[in-house]
Amino acid sequence: MKKFGMRIALAGLALVSVASAAGAQDLPLLPYLDVSRPVEERAADLVRRMTLEEKAQQLVNQARAIPRLNVPAYDWWSESLHGVATDGTTEFPEPIGLGATFDTPAIHEMAVVIGTEGRIKHVQAVRAGHSNIFEGLDFWAPNINIFRDPRWGRGQETYGEDPFLTARMGVAFVTGMQGDDARYYRVISTPKHFAVHSGPEPTRHTADVTVSKHDELDTYLPAFRATVVEAKADSVMCAYNSINGQPACANEFLLQDQLRGKWGFNGYVVSDCGAVLNIFDGHHYKPTQAESSAISLKRGMDNECVDFTTKVTDDHDYKPYLDAVKQGFLKESDIDLAVVRLFTARMKLGMFDPPQMVPYSNIDEKLLDSAGHRAMARKLANESMVLLKNDGVLPLKTSGLKIAVVGPLADQTKVLLGNYNGTPTHTVSVLEGLRAEFPGATIDYVPGTQYLGTEASPVPAALLTTDGKPGVKATYMKRDMREMPDPTVHPPIVATRIEQGLDLAANPEPVEVAGVKPLAIRWETSFAPPDAGEFNLGIQTKGAQFFRLSVDGKEVIAAWDAGGVSTKLGHVHFEKGKPVQIMVEFGQGDGPSPMARLVWSKVNLKPQPEAVTAAKSADVVVAVVGITSELEGEEMPVSEEGFKGGDRTSLDLPKPEQALLEAVAATGKPLVVVLTNGSALGVNWAKEHANAILEAWYPGEEGGAAVAETLSGRNNPAGRLPVTFYKDVSQLPPFENYAMKGRTYRYFEGTPLYPFGYGLSYTTFAYSGLTLPTAAVAAGSPVVAEVTVTNSGGKAGDEVAQLYLEFPNVPGAPLRALRAFRRVHLEAGASQKLRFELSPRDMSMVTEAGDPIVAEGEYSVSVGGGQPQTRAAVVTGSFNIEGKLKLAE
């Protein structure tokens, strides 16, 4: 999807109750409005009454209204990766952190909260008389792609590298979102991106991935199968790339053989945004767009995401389907099938029924961003914390300590929210969390490095010229705030003038724009750098709905709705006296005192001496370092070393942060490293030299509080790594290679920095009494494993019990595989007996030929706090399977 891991403002027109509208006009009760009829019959009746063009208009994300049938317009695009992606909602940890919780009941509860807040937002939009992007009830989440390679920028959106863990998390999320009402969905959840999709980002619109059937069925498809077959997801999103020669949104094996064939999926398939266009212009799979759109629809895609925030006023989005019918590439009956699926979904959401019939229409709106929901965000943030190292320095005393806090990320909140996020009403930074949790401590904060900081000064007006004269050309436009990012949209110009400097607040507003809303401003100027070298160049904004900075036509930075005061910087190289052309675009919001100014700083990545001074006078140093979703993410320009187009080229901690760690560690004071990141970091030096390392991920709105509570011991960490932390990229196969050999804990034979499933605690746990069947078990029968886990330490805490299988020696089997897990809380000295029942699918593997089987022979079992042979406390045993069973794909 188009990147928007930032706030998107909402505006426009929305859905009304069709049933109410029909009643208001005293129309006869048509079959599609008759709630006593089966929903599929109602949908078919409605579609039967539409013209061909009206049907085609429903095949796109901005589905048009059909006034004569009382069908309102509907935008299918809403997001909820870890919270509803709008203003004023609860934002939970990024999914990679959720994966680290190993807590499926909590993920289910979180999804109920997200679905509830999504319903409330929708109801509010309907009441206000509009339904626009991000105001619907169809949510494009979860992302259940497999994080096969830590270089992938969007891996942060997933639950990690393991198909079993991802499947369990995905099922919990989908069932929580969609609800348990027999007739209506709370919202519809859309697992994505189907399938075999995990970078590289820059080539995703053209890449053709070659993958074996073994790897598809063993790694890339199990989570999708589970969310469809078990959780009954009513929607699935197809991906951008091609797989084995066919684009994902026209892939016979994925859409027909697996999804609608073997899995029996009856819902609708939505394309990733622009993916159907890519069938023609990226993959060149068909010679025209009409043929490309036709083949996608015929093979199972029902709803094309083709437009983003710009409100469509012509027929460019749905015209290819009309052309395809006229040219004989598509039958009208093909369109009928897709549109019936779409209206079946809308009816299951209650959109065509009286609101009093739909239980989810009457949710208490006070639940939105409620204290209870924020408490759940805190709980999940606490559960996501993974303690990677501790030599005894943690937990810290809450009073009497002098704590030096270094790292610019400690005093930032945006980093905590990751990507595909909404904007909560409050977010707790790590520094704020520490000050609240350690009231009796002296806390001295020093950024310590310019890297990832936001300190910058206004660019002097004297350096900015237009046509050789001092000044900046400013163009003021009346435009819909949603249209600003689209370069093909040309809003009407209200005023043009030359201004002194690029600073909105420093120049009086032109009289012509008084009262003009919405307002956009474009500044264009020539800039002659007074010095050569590397610079940070960016924009400081307040009240921006959208802003973008380009230098010599190349986009340097761009951001959606930055909320309050925000500074975003990009890396540029200047030659002394050599002019460059600068353009800034700014979409002004409705808030008071908007700000937009061009700012810069000379790059200086050396550790700041003040950080070393603070460390010398402290009892302990807490260094908050890592990366952000502005460095790793979805297909975006990134100008920093170690990153490319949204992906990573190195696993190392960025060099300026590494230098900061080494500088403060040289003081000899205890060093606690807190990591923020959405993917594995090769923190080799920190593992050897830091006293403690806490992995915090992007922990959501309560993330700073969770970090502080973990450092104090109020929260006893029990998160486990949902990915392997490799030492460096030399341990990885080529990024573009989708073969699983040598990837993830299931097929990697080397020694990682930290293994999948790893995590420490402030207490200790012991396992005993593993019982398994002593007699051979017939293939196809379940196997029960029981074990006792004991908190053998002196502090209450959670433990994540993990059950791994090693399979009979059959080609295609992984080294080992997670097949059950349970997160439990135990008081000090307490024990609990755990029971795991393994189904035939839990015990299955995939042969080299791509057949899922329960193999005959001996299975080794390990149950404990991590993988076997990783220093985790475990007990082991074995059982035998008699006979062989082939499972359904």
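Residues numbered from 1 in each chain as written. Predicted model: local features only at pLDDT ≥ 70, side-chain atom pairs only at ≥ 80, totals over all residues. Heavy atoms only, no water.

Peer 1: I tried to follow the confidence of the model for the protein chain on my own but got confused; where do I start?
Peer 2: Segments scoring low in pLDDT should not have their predicted coordinates read at a detailed level. With 95% of its residues at a pLDDT of 70 or more, the protein chain has an overall mean of 94. Of all helices and strands in the protein chain, the one with the weakest mean pLDDT is helix α1 (residues 18-24) (40), whereas strand β29 (residues 692-695) scores best (99). Contacts of residues 2-25 to residues separated by more than four positions or lying in other chains number 98 contacts, the stretch itself having pLDDT below 50. (pLDDT = per-residue confidence, 0-100. Helix = DSSP H or I, 4+ residues; strand = E, 2+ residues; numbered from the N terminus. Contact = heavy atoms within 4.5 Å.)

Peer 1: Explanation requested: unusual backbone geometry in the structure shown.
Peer 2: Excluding glycine, residues mostly have negative phi values, and the peptide bonds linking residues are mostly trans. Residues K192 and H193 are joined by a peptide bond in cis, for which omega reads -5°. Topologically, H193 is positioned in the loop between β4 (188-189) and β5 (208-209). Cis geometry marks the peptide bond from L394 to P395; its omega dihedral reads 0°. Inspection of the secondary structure puts P395 in the loop between β10 (386-390) and β11 (399-406). A positive phi angle, near 55°, is found at H284, a position not held by glycine. Relative to the helices and strands, H284 resides in the loop between α10 (275-281) and α11 (289-298). Classification of H284 by relative accessible area gives exposed; the value is 60%. Phi is positive for R871, close to 70°, though the residue is something other than glycine. (Buried < 20%, exposed > 50% of the residue type's maximum accessible area, 1.4 Å probe, protein only.)

Peer 1: Help me out: how do you make sense of the sheet that holds strand β31 (residues 777-778) in this one?
Peer 2: Within a sheet, each strand pairs with its neighbour through backbone hydrogen bonds, oriented either parallel or antiparallel. Read across the sheet, five strands follow the order β31-β39-β38-β33-β34 without closing on themselves; strand pairing throughout is mixed. In the strand order of this sheet, the two ends are held by β31 and β34 (817-826), each with one partner. Where strand β38 (residues 857-864) lies against strand β39 (residues 874-882), eight bridges are found, and the strand directions are antiparallel. Looking across to β39, one finds that G864 is bridged to V874. (Pairing = 2+ DSSP bridges.)

Peer 1: I would appreciate a short explanation of the pattern of salt bridges in the present structure.
Peer 2: Working definition: two side chains of opposite charge can pair if their charged atoms are close together. Under the definition given, this model contains 48 salt bridges. Note that D149 is salt-bridged to R151, the shortest N-O span being 2.7 Å. A salt bridge links R746 to D218, with the nearest nitrogen and oxygen atoms 3.0 Å apart. One end of the pair, R746, is in helix α20 (residues 744-747); the other, D218, is in helix α7 (residues 213-220), and 528 residues separate them in sequence. Assessed through its relative accessible area of 2%, R746 is described here as buried. Judged by relative accessible area, which is 8%, D218 ranks as buried. A cluster of three or more residues bridged by salt bridges with shared partners is formed by R154, E157, E201, R204, E634 and E635. (Salt bridge = Lys/Arg side-chain N within 4 Å of Asp/Glu carboxyl O.)

Peer 1: Can you help me understand helix α16 (residues 609-616) in this one?
Peer 2: Count 3.6 residues to each turn of an α-helix, and residues three or four apart come out pointing the same way. Within the sequence span of α16, burial applies to A611, A614 and A615. Taken around the axis of α16, the buried residues stretch over an arc of 100°, which confines them to a single face. With respect to the buried face of α16, the exposed residues turned more than 90 degrees away are P609, T613 and K616. (Arc of directions from axis to C-beta.)

Peer 1: How do you make sense of the pairing of β10 when you look at a structure like this?
Peer 2: Sheet faces and side chains relate simply in a regular strand, where the side chains alternate between the two faces. Taking burial as the measure, the five residues of β10 include four buried ones, the bulk of the element. Examined bridge by bridge, β10 and β29 share four bridges and lie antiparallel to one another. Across the sheet, the residue bridging to N390 is A692, located in β29.

Peer 1: Hey, could you run me through the packing of aromatic side chains in this one?
Peer 2: The relation between two aromatic rings is expressed through the spacing of the ring centres and the mutual angle of the planes. Evaluated as defined, the whole model comprises 26 aromatic pairs. Residues F535 and W600 carry aromatic rings whose centres are separated by 5.3 Å and whose planes lie at 15° to one another, so their mutual orientation is stacked. Within this pair, whereas F535 is found in strand β19 (residues 533-542), its partner W600 is found in strand β24 (residues 595-602), the two being separated by 65 residues in sequence. Residue class for F535 comes out buried when judged on its relative accessible area of 4%. Relative to F756, the ring of Y745 lies with its centre 4.4 Å away and its plane at 10°, an arrangement referred to as stacked. With a gap of 11 residues between them, Y745 in helix α20 and F756 in the loop between α20 and β30 (765-771) connect regions that are remote in the sequence. Residue class for Y745 comes out buried when judged on its relative accessible area of 4%. Grouping aromatic residues by their ring pairs yields a cluster made of F102, F164, Y745, F756, Y804 and F821. In this structure, R148 packs its charged tip against the face of Y738, placed 3.7 Å from the ring centre. (Phe/Tyr/Trp six-rings, centres within 6.5 Å; stacked < 30°, edge-to-face > 60°. Lys NZ or Arg CZ within 6 Å of the ring centre and 35° of its normal.)

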